[in-house]
Amino acid sequence: MAAEADVDLDLEAEENCTGKPAEKPRKHDSGAADLERVTDYAEEKEISSSDLQTAMSVIGDRRSREQKAKQEREKELAKVTIKKEDVELIMSEMEISRAVAERSLREHLGNVGKALVALTD
């Protein structure tokens, strides 16, 4: 251990002989500068209230159209007549709830075969 301490002291003495402290290796400062430029740009960019309102109205319109289309589809499916026996068959064979069996039958216009195939896929 004493030998290691002597070696450390000798290294420090050699560094101090030149009169300059040992320089530490520099890290990449350019990355920090690049990051600063990116954050400055993001902070300076502002969103106008009119653009925000326009975007919100577009989103709201799209949602209302999708909801309306979904309601119309549900009305069309409700008009399809299905047999109780077909619902029971699908429920027992596929071990699914009545609502899922009815939905599948209605989507396939009461065709049991197509409904079963769709449920197995």
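For the structure itself, look to the data block above.
My aim in this report is to walk through the structure given alongside it, one point at a time. In this numbering scheme, every chain counts its residues from 1 along its sequence in written order. Side-chain atom pairs in this predicted model are given and counted only at pLDDT of 80 or more, local residue features only at pLDDT of at least 70, and totals for whole chains, interfaces and linings cover all residues. To obtain the side-chain values, all non-hydrogen atoms of the structure were used and water was disregarded.

A closer look at the overall build of the protein
Turning to step 1, where the next piece is worked out: Scanning the protein from terminus to terminus reveals six helices and zero strands.
Turning to step 2, where the next piece is worked out: In this description a helix means any DSSP run of H or I spanning at least four residues, a strand means any run of E spanning at least two, and both kinds are numbered starting from the N terminus. Along the chain direction, N to C, the helices and strands of the protein fall in the order α-α-α-α-α-α.
Turning to step 3, where the next piece is worked out: The criterion used for residue contact is that any of the two residues' heavy atoms lie within 4.5 Å. Taking the intrachain contacts of the protein between residues at least 6 apart in sequence as the baseline, contacts between residues at least 24 apart amount to 39%.
Turning to step 4, where the next piece is worked out: Surface accessibility of the protein: about 10,900 Å² in total, with carbon and sulfur atoms responsible for 54%. Calculation of accessible area relied on Shrake-Rupley with a 1.4 Å probe; when residues are assessed, cover is drawn exclusively from the protein chains displayed.

Description of the side chain of Asp86
Turning to step 1, where the next piece is worked out: Relative to the assigned elements, Asp86 resides in helix H4 (residues 84-94).
Turning to step 2, where the next piece is worked out: Burial status follows relative accessibility: with a 1.4 Å probe on protein chains alone, a residue under 20% of its type maximum counts as buried, one over 50% as exposed, and anything between as partly exposed. Asp and Glu are treated as the negative residues and Lys and Arg as the positive ones, with His and the ends of the chain left uncounted. By convention in these notes, a salt bridge is any Lys or Arg side-chain nitrogen within 4 Å of a carboxyl oxygen on Asp or Glu. For Asp86, which is buried and forms no salt bridge, the nearest opposite charge comes from Lys83, at a distance of 5.2 Å.

Quick look at the nonpolar core
Turning to step 1, where the next piece is worked out: We define the nonpolar core as a collection of buried residues of types Ala, Val, Leu, Ile, Met, Phe, Trp, Tyr and Cys that are connected through side-chain atoms lying within 4.5 Å of one another. In this structure, Val87, Ile90, Ala101, Leu105, Val112 and Ala115 together form the largest nonpolar core, which totals six residues.
Turning to step 2, where the next piece is worked out: Looking at this core, the elements with two or more residues in it are H4, helix H5 (98-107) and helix H6 (112-120).
Turning to step 3, where the next piece is worked out: Other than its neighbours up to four places away in sequence, Leu105 contacts Ile82, Asp86, Val87, Ile90, Gly110, Asn111, Val112 and Ala115.

Comments concerning the pattern of salt bridges
Where side chains of opposite charge bring their charged atoms close, a pairing between them can arise.
Turning to step 1, where the next piece is worked out: Scanning the model with the defined rule gives three salt bridges in all.
Turning to step 2, where the next piece is worked out: One salt bridge connects Arg98 with Glu88, and the closest N-O pair in it is separated by 2.7 Å. One end of the pair, Arg98, is in helix H5; the other, Glu88, is in helix H4, and 10 residues separate them in sequence.
Turning to step 3, where the next piece is worked out: Of the charged contacts, one joins Arg103 and Glu107 as a salt bridge, the two residues approaching to 2.8 Å between their closest N and O atoms. Here the residue Arg103 and the residue Glu107 both occupy positions in helix H5, the gap between them amounting to four residues, near one helical turn.
Turning to step 4, where the next piece is worked out: Assessed through its relative accessible area of 33%, Arg103 is described here as partly exposed.
Turning to step 5, where the next piece is worked out: Judged by relative accessible area, Glu107 falls into the partly exposed class, the value being 36%.
Turning to step 6, where the next piece is worked out: Through salt bridges with shared partners, one network takes in Glu74, Arg103 and Glu107.

Just geometry here; none of it tells us what the structure is for.
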